[in-house]
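# A closer look at the structure
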Amino acid sequence: MAAEKLITLSDLYCQDLAEGSILVPEYPVSSVSTYRDGEPVKPFYQNDGGKYPMYDAFEIPKYQAFKFMKPQTHMAVCGDKLRVCTDYEVPTLLEGHWSNTLGRKTSVRYATPSADTKCITMFPYEHLTPEQHNVHPDNHYHVYSKYFINEIPCAQARTLNLNQPQFPCVIKCAYGAGSKSTFMCYNEEDYREILEEFRSTEPGAPIVMTEMVPDVVDNYCCQFYLTKKGEMQWLGVSEQLLGMDGLWMGGKMRQSEQPALEDLLKPTLVPVAAKLHEWQYSGVVGVDILIDSEGKHYVIDINPRLNGSTPMVLVSKVMGAQGWDAGIFLSGIKFQGTLAELITAIENVNGGKMMLFGVYEAEGYLNCNIGVWGKTTPEAEEVFKQVFVV
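Let me begin by describing the structure that accompanies this report. (Residues numbered from 1 in each chain as written. Predicted model: local features only at pLDDT ≥ 70, side-chain atom pairs only at ≥ 80, totals over all residues. Heavy atoms only, no water.)

### Describing the overall build of the chain
When helices and strands are counted, the chain shows 9 helices and 14 strands. Here the chain has a C-alpha radius of gyration of 20 Å; the compact-globule value for 390 residues is 21 Å, and the two agree. With the principal axes as the frame, the chain shows a C-alpha extent of 55 × 50 × 45 Å. Sequence separation of at least 24 residues holds for 70% of the intrachain contacts in the chain that already meet a minimum separation of 6. Averaging the positions of the 32 positive and the 48 negative side-chain charges in the chain gives two centres separated by 4 Å. (Helix = DSSP H or I, 4+ residues; strand = E, 2+ residues; numbered from the N terminus. Rg over C-alpha atoms; globule rule 2.2 N^0.38 Å. Contact = heavy atoms within 4.5 Å. Lys, Arg positive; Asp, Glu negative; His and termini not counted. Charge placed at Lys NZ, Arg CZ, Asp CG, Glu CD.)

Listed below in C-alpha cells is the structure:
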C-alpha cells in the first residue's frame, strides 16, 4: 500500500506565513490568576486587561493539562517549518515515539515571539500586539463568539430570547474555554439554576440560548484549513465522543467514509468559510454539525482554532494508507506506570497502531491523549485494551 505523507501544521500555515512563524499552543487565562493546581499564571498567558476575556471560571485550567498534554498534542504534528512558544520542552522519549510512529523525524523547534514574528494562537492574546497575531485579535475575537453563527446564512439551531425560554434548549457562554460552559436546559427549574450558575461563576459573561436539536442521529466535527485567499482545504470529519456528563472526550473516524462525508457536509460549510474569510480569518477551523432523523443539518458551534482532534484527523490519513481504516482519539486516559513503560507498550501492540499525542504525570498515574487505529472500530477498541485497563 502506498505511503501517505503526513500533512503537518507547518504545511498548512506556511502556505500563508513565513517559515519560522510561531505556534502558541496554549490558551490565555482570564478569570483566575492561578491554575487549579495552585501554580501561578505567567503574565504572558493572562488576558487580564478586559479586552479579550475568556470567561473560563467554569473550567479553571488544570496546570499539567494546559502546560503539557494539550500543547504536546498539537506539537506532535507541528512539522519543521513552524517554531513553538511553550514553557516546557517535549520529553525526548515522547519526541522519539512520534518519530517512530509517523516514520519521519520529529524535532520541535522552540522560540519566544519577537516584535516582527507572526504567531498562530488558539485565542487572541492581550500580551501580543495585533501585528504579531496571524489573525487580527479583534477579528479573531469576533468570529470566536457563539453569536457569530447568527451572521452566517447556514442551517443552524434557532437562537432564542434569553428572557423567554422555550424548553428544551441549550444555554452556553458566548466565549468559553471548554464544554463545561454549555448547559442542557429541560425545564424552568433547570433554567433558573443555570442562570444562577452564570451569576455566581461568571456574572459578566455574555449568554447565548438556542433551541435543542431534536432526534439527533449524527454529531460531527468537520475540519478544514482556510487560506488567506479564502480557499477551503478539507482536512476530515470525526464523529464526536461525549462522556455520560455530556463533556467532550474525543472522536472516532473511518478513512473509507471520508469522501462521502465531505460530499455530505461540505456544502453546509461553504457559507461558514465565506463569512470567516470576510472577517479575514485564516487557519484551521472546526465546525460541529448535528444531523437529525430527517437528514437536516444544524451548525451548532464554530471553533476558529486548532481543535482537540486536529492531530488525530491529520495522522489518520497516514494510518489509513497503512490499512488501519478506523481511528479513535481519546482524551484524559489514565495509565499506571512510567512514560518509558507506556511508550514500550504502545509501540508493541498487535493488530493495529497506537500513538501517544500528549501526556503529563499526575499523582500515581500518567494522564494521556491517545490515538488508536485498527481495520475496524471494534478492532481498534481491542488494540486499546492491550495497553489500557477499561
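### A few points about the sheet that holds strand E5 (residues 182–185)
Strands sit in the order E5-E4-E6 across an open sheet of 3 strands; the sheet is antiparallel. Looking along the sheet, the strands with just one partner apiece sit at the ends: E5 and strand E6 (207–211). For this sheet, the mean angle separating the axes of adjacent strands, direction not counted, is 20°. When strand E4 (residues 169–173) meets E6, the two strands line up antiparallel, connected through 5 bridges. Counterpart to Val 170 in the pairing with E6 is Thr 210. Along the sheet, helix H5 (residues 188–201) contacts E4, E5 and E6; its crossing angle with E5, the most-contacted strand, is approximately 160°. (Pairing = 2+ DSSP bridges. Axes fitted to C-alpha atoms, helices over the stretch in contact; angles between N-to-C directions.)

### Focus on the packing of aromatic side chains
On inspection of all chains with the given rule, the structure shows 20 aromatic pairs. Between Phe 167 and Tyr 191, the aromatic rings sit 6.3 Å apart at their centres with planes inclined by 65°, giving edge-to-face as the arrangement. One end of the pair, Phe 167, is in the loop between helix H4 (137–144) and E4; the other, Tyr 191, is in helix H5, and 24 residues separate them in sequence. With a relative accessible area of 9%, Tyr 191 lands in the buried category. Where Phe 183 meets Phe 198, the ring centres are 5.6 Å apart and the plane angle is 65°; that geometry is what we call edge-to-face. Residue Phe 183 is found in strand E5, and its partner Phe 198 is found in helix H5; the two are separated by 15 residues along the sequence. In this structure an aromatic cluster arises from ring pairing among Tyr 52, Phe 123, Tyr 141, Tyr 144 and Tyr 175. Across from the ring centre of Tyr 45, 3.6 Å away, lies the NZ or CZ of Lys 67, which sits over that ring. (Phe/Tyr/Trp six-rings, centres within 6.5 Å; stacked < 30°, edge-to-face > 60°. Buried < 20%, exposed > 50% of the residue type's maximum accessible area, 1.4 Å probe, protein only. Lys NZ or Arg CZ within 6 Å of the ring centre and 35° of its normal.)

Function cannot be inferred from these measures alone, as they are strictly geometric.
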